[in-house]
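Structural overview
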Amino acid sequence: MTRARQRLRRTDRGQATVELALLLPFVALLLLAFVQAIVVARDQLLVTHAAREAARAAAVDADPGAARRAAVAAGPLAGERLEVDVGERGAPGGRVRVEVRYAEPTHLPLVGRMVGDLTLRSDATMRVER
């Protein structure tokens, strides 16, 4: 091997380490953003489930607080962040519409501060029963 070739080989030493050090923060940020998106998607499903449960409770129980209690009990969402609006409850055979809003905290490091809190919404309509 010639001396010039040996010198060239020595200057390439550590290149992979430097590239990894430069790219690792971006990879970590991308991974955190992916995890935050999964958490938001999971909570959107929970909000939809809470809306269905609240609509069912409003359809079978004339008590105005029944829908909120059902939405809070429907899953692991924080009750103080849930807002439940029940539309006008008609006569039996009519419809009742319930809207649930949830203030989603984005608390993952770095990503949560960039995105801020989100408001997830879902509504459901059920037939009023006797």
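Up top is the structure.
Keep in mind that what you see is a predicted model, and the values were worked out from it rather than measured. Per chain, residues are indexed from 1 in the order of the written sequence. In keeping with the predicted nature of the model, local features appear solely for residues at pLDDT of at least 70, side-chain atom pairs appear and are counted solely at 80 or more, and the whole-chain, interface and lining totals rest on all residues. Heavy atoms from the whole structure form the basis of all side-chain values; hydrogens and water molecules are not counted.

Quick notes on the overall build of the protein chain
Put simply, the rule reads: Helix and strand labels come from DSSP, where a helix needs a run of H or I of at least four residues and a strand needs a run of E of at least two; each type is numbered from the N terminus. Just to be clear, the radius of gyration here is over C-alpha atoms, and the globule rule we use is 2.2 Å times residues to the power 0.38. Here the term buried applies to any residue with accessible area under 20% of the maximum for its type, exposed to any over 50%, and partly exposed to those in between, with areas from a 1.4 Å probe on protein chains only. The contact definition used throughout considers only heavy atoms, calling two residues in contact when any of these lie within 4.5 Å. Computed with a 1.4 Å probe, the accessible areas rest on the Shrake-Rupley method; for each residue, only the protein chains presented here act as cover. Positive charges come from Lys and Arg alone, negative charges from Asp and Glu alone, with His and the N- and C-terminal ends not counted. Just so you know, the charge point we use is NZ for Lys, CZ for Arg, CG for Asp and CD for Glu.
Counting its secondary structure elements, the protein chain contains four helices and three strands. Moving toward the C terminus, one meets the helices and strands of the protein chain in the order α-α-α-β-β-α-β. Scaling as 2.2 N^0.38, a compact globule of 130 residues should have a C-alpha radius of gyration of about 14 Å, whereas the protein chain reaches 26 Å, well beyond that. Counting only residues that meet the buried cut, the protein chain has 27% of its 130 residues in that class. Restricting the contact set of the protein chain to residue pairs at least 6 apart, pairs at least 24 apart contribute 59%. By element, 58% of the accessible surface of the protein chain is carried by carbon and sulfur atoms, the whole surface being about 9,000 Å². Separation between the mean location of the 20 positive side-chain charges and that of the 15 negative ones in the protein chain comes to 13 Å.

Some thoughts on the environment of Phe26
Looking at the element boundaries, Phe26 is found in helix H2 (residues 15-60). Given the relative accessible area of 59%, Phe26 is considered exposed.

Notes on the nonpolar core
Definition in use: Each nonpolar core is a collection of buried residues, namely Ala, Val, Leu, Ile, Met, Phe, Trp, Tyr and Cys, held together in the definition by side-chain atoms within 4.5 Å.
Grouped together as the largest cluster of nonpolar side chains are 21 residues, with contacts concentrated most on Ala54, Val84, Val98 and Val100. The set of elements that each furnish at least two residues to this core consists of H2, helix H3 (66-73), strand S1 (82-86), strand S2 (95-104) and strand S3 (118-127). Filtering out sequence-adjacent residues up to four positions away, Val98 remains in contact with Ala54, Ala55, Ala58, Val84, Asp85, Val86, Ser122, Asp123 and Ala124.

Side note on the environment of Leu22
Mapped onto the elements, Leu22 comes out in helix H2. With a relative accessible area of 57%, Leu22 lands in the exposed category. Distance in space between the C-alpha atoms of Leu22 and Val39 is 28 Å, their sequence separation being 17 residues.

Points about the packing of H2 against H3
Test applied: To obtain each axis, a line is fitted to C-alpha atoms, and for helices this fit is confined to the stretch in contact; angles are then taken between N-to-C directions over 0 to 180 degrees. Under this scheme an angle from 65 to 115 degrees is roughly perpendicular, one under 35 degrees roughly parallel, and one over 145 degrees roughly antiparallel; angles in between are oblique. Note on convention: the crossing is left-handed when the near helix lies turned anticlockwise from the far helix by less than a right angle, right-handed when the turn is clockwise. Only Asp, Glu, Lys and Arg are considered charged in this grouping, and only Ala, Val, Leu, Ile, Met, Phe, Trp, Tyr, Cys and Pro are considered nonpolar; every other residue, Gly among them, is considered polar.
It is the contact of H2 with H3, at a shortest axis distance of 7 Å, that shows an interaxial angle of 150°. Between H2 and H3, the interaxial angle falls into the category roughly antiparallel. Crossing handedness for the pair H2 and H3: right-handed. Counting all contacts with H2, which are made through Ala50, Glu53, Ala54, Ala57 and Ala58, the residues of H3 involved are Ala66, Ala67, Ala70 and Ala71. Its residues assigned to classes, the contact of H2 with H3 shows eight nonpolar, no polar and one charged.

Structural notes on H2
Applied cut-off: A helix is expected to span 1.5 Å multiplied by its residue count minus one. We define the bend at each residue as the angle formed by axes fitted to the 7 residues ending at it and the 7 residues starting at it.
Along its 46 residues, H2 runs 68 Å from first to last C-alpha, staying within 8% of the 68 Å computed at 1.5 Å per residue. For H2, the principal kink sits at Leu23 and spans about 35°; a proline, Pro25, occurs within the next four residues. Here H2 has its buried residues at Gln36, Val40, Asp43, Leu46, Val47, Ala50, Ala51, Ala54, Ala55, Ala57, Ala58 and Ala59. Check the buried side of H2 and you find it contacts H3, S1, S2, helix H4 (111-115) and S3.

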